[in-house]
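Geometric and topological summary
Chain by chain, the residues run as shown.
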Amino acid sequence: MPRVIKWGILGLGKIAHKFTLDIKLVEDCQLIAVASSSESRAKAFAKKYNISEFYSDYQELYINDDIDIIYIASSNENHYIHTLEALKNKKAVLCEKPLAVNKNQVLNLIRFSQIHKVFLMEALWTRFNPTFGQLLEWIEKDKIGKLRYINATFSFYGLNKEKDSRLFNPFKAGGSLLDIGIYPLFLAYKLLGTPNSLISKAVKTTTGVDEQMALILTYDSSHALLYSSFSHEEDMRATICGEKGEIYIDSRWHESPIITLIQKGKKTIQKFNFLGKGYSYEIIEANNCLRNRLNESPKWTLQNSFDLVELMDIARNQNGINFPIE
Ligand SMILES: NC(=O)c1ccc[n+]([C@@H]2O[C@H](COP(=O)([O-])OP(=O)(O)OC[C@H]3O[C@@H](n4cnc5c(N)ncnc54)[C@H](OP(=O)(O)O)[C@@H]3O)[C@@H](O)[C@H]2O)c1
């Protein structure tokens, strides 16, 4: 029998609800406690999902001896401090993306987890779903030849949200790049690595964060054109082209169960039945890492998280986007 992994959740906003629906579908793990800054939110959440323990003080989650791993679901500006506190209390951590807001913060978390041998992983859930696994397999098997071009975007209409929404608020490390542009950047980085150059241009909000962000990544013999925006809806397909073929991930590519390979005009379509929405796969990965006593995931390493935030730092610097907490 595999060891049952016991989870807690810190921060009970929108993503915590989606994550909870999925964790209930994963075998051999249990969500045993949740914590919120609001007692009423913690109580209502625990009641809704039948969770035995709920706290209005994060500290109680950190010190609960029954918990193996904490899912940090707070907003961006708090990821660093909440993750660090959990690690200090010897709790493994799955932290929402971005792992922290800049490379110095991420480096500190990595060092802490390595020195104290506590598991840490950024919740880049797309990496762990079967569609992404299929993409990697086709590329590894050289189905499309040498990679030459990637085009990926992530947009939605968010201009109707309040101006102090975490999306637009620099005090909450807002902006499209850290919120959703991280996904296209992750795709290019995972397939092509760190680029030789990154050029970015933002359209900024009056609050000083990016409402739209366009990125051009240049490699020895390939390009990635990436984009994120809160200003409009769009069909979010991902395009990956090699010298011998193309791969398309259906809309919305970061969570899509459908992927198509085209070789010399011949189409191969692969459709997956996801377990839940797809957060299940990062949960399964974290559970397996803990059972195997790993301190990081081989599928999305801490070096990967560092490289990704370093690229986001470059883009923010190019556009004069700073957060007051930095
Ligand atoms: N992987 C994904 O698909 C995905 C999707 C969306 C967001 N995210 C990431 O997840 C993190 C949280 O995003 P979110 O969309 O969950 O943000 P959110 O709904 O704004 O919640 C963020 C935090 O705000 C606090 N909060 C304060 N007032 C609240 C209220 N009235 N209702 C609910 N929460 C309130 C909650 O902490 P307390 O309960 O402790 O107060 C919560 O953890 C961000 O870092 C984001 O990048 C990931």
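Scroll up to find the structure this text is about.
Scope of this entry: the structure provided in the associated data block. (Residues numbered from 1 in each chain as written. Predicted model: local features only at pLDDT ≥ 70, side-chain atom pairs only at ≥ 80, totals over all residues. Heavy atoms only, no water.)

Quick look at unusual backbone geometry now. Note the cis peptide between Lys97 and Pro98, where omega equals -10°. Relative to the elements of secondary structure, Pro98 occurs in the loop between strand S5 (92-96) and helix H5 (103-116). Look at the link from Ser251 to Arg252: it is a cis peptide, with omega at -20°. With respect to the helices and strands, Arg252 occurs in the loop between strand S12 (245-249) and strand S13 (258-263). (Helix = DSSP H or I, 4+ residues; strand = E, 2+ residues; numbered from the N terminus.)

This paragraph deals with helix H4 (residues 79-88). Burial runs high along H4: 7 of the 10 residues are buried. Taken together, the buried positions of H4 are His79, Tyr80, His82, Thr83, Leu84, Ala86 and Leu87. Elements in contact with the buried residues of H4: strand S1 (5-10), helix H3 (58-62), strand S4 (69-72), S5, H5 and strand S6 (120-123). Note on H4: the residue one or two positions beyond its end, Lys90, has a positive phi of about 65°. (Buried < 20%, exposed > 50% of the residue type's maximum accessible area, 1.4 Å probe, protein only. Contact = heavy atoms within 4.5 Å.)

It is worth spelling out the site of the ligand at this point. Contacts to the ligand come from 20 residues, most closely from Ser36, Ser37, Arg41, Tyr58 and Asn76. Between the ligand and Glu96 there is a distance of 3.3 Å, counted from a nitrogen atom to a side-chain nitrogen or oxygen. Contact between the ligand and Arg166: an oxygen atom at 3.0 Å from a side-chain N or O atom of the residue. Here the ligand, which alone exposes 880 Å², has 76% of that area covered by the protein. Taken together, the residues of the shell around the ligand sort by class into 7 nonpolar, 7 polar and 6 charged. (Near = heavy atom within 4 Å. Polar contact = N/O pair within 3.5 Å; in protein donor to acceptor, adjacent residues only side chain to side chain. Areas by Shrake-Rupley, 256 points an atom, 1.4 Å probe, with all protein chains shown as cover. Nonpolar A, V, L, I, M, F, W, Y, C, P; charged D, E, K, R; others polar.)

Turning our eyes to something else, we now look at the pattern of salt bridges. Following the criterion strictly, the structure yields 13 salt bridges and no others. A salt bridge links Arg166 to Asp179; the shortest N-O distance between them is 2.9 Å. Of the two residues, Arg166 is situated in the loop between strand S7 (147-155) and helix H7 (176-192) and Asp179 in helix H7; the sequence distance between them amounts to 13 residues. Of the residues examined, Arg166 reaches a relative accessible area of 38% and is grouped as partly exposed. Among the salt bridges present, the one from Glu255 reaches Lys277, with a minimum N-O distance of 3.0 Å. Remark: Lys277 occurs in the loop between strand S14 (266-271) and helix H8 (280-291) and Glu255 occurs in the loop between S12 and S13; sequence separation between them is 22 residues. Assessed through its relative accessible area of 15%, Glu255 is described here as buried. When salt bridges that share partners are traced, they join Lys97, Arg166 and Asp179 into one network. (Salt bridge = Lys/Arg side-chain N within 4 Å of Asp/Glu carboxyl O.)

Attention now goes to the side chain of Ser176. You can see Ser176 is positioned in helix H7. A polar contact is formed between the side chain of Ser176 and the side chain of Ser228, at a distance of 2.9 Å. When sequence neighbours within four positions are dropped, the list of residues in contact with Ser176 reads Gly181, Asp210, Glu211, Gln212, Met213, Ser228, Ser229 and Phe230.

In the sheet, S7 pairs with strand S11 (residues 238-242) via 4 bridges, with the strands oriented antiparallel. Note on S11: the bridge partner recorded for Tyr149 is Cys241. (Pairing = 2+ DSSP bridges.)

This part covers the packing of aromatic side chains. Two numbers describe a pair of aromatic rings. These are the distance of the centres and the angle of the planes. Taken as a whole and assessed by the stated rule, the structure comprises 11 aromatic pairs. Arranged with centres 5.5 Å apart and planes meeting at 80°, the rings of Phe168 and Phe230 form a pair that is edge-to-face. With Phe168 in the loop between S7 and H7 and Phe230 in the loop between strand S10 (223-229) and S11, this residue pair connects regions lying 62 residues apart in the sequence. Taking relative accessible area as the criterion, Phe168 reaches 0% and is therefore assigned buried. On the basis of relative accessible area, Phe230 is assigned to the buried category, the value being 0%. (Phe/Tyr/Trp six-rings, centres within 6.5 Å; stacked < 30°, edge-to-face > 60°.)

On to the nonpolar core. Residues Trp7 and Ile240 are the most contacted members of the largest nonpolar core, which totals 110 residues. For this core, the element with the most residues is H7, which contributes 11 residues. A domain-level breakdown of this core finds at least three residues from each of domain 1 (5-126 + 279-294) and domain 2 (130-273). Apart from residues no more than four positions distant in its own chain, Ile240 is found in contact with Leu135, Ile139, Ile144, Leu147, Tyr149, Ile150, Leu191, Gly245, Glu246, Ile247 and Ile249. (Core = buried A, V, L, I, M, F, W, Y, C linked by side-chain atoms within 4.5 Å. Domains from an automatic or database assignment.)

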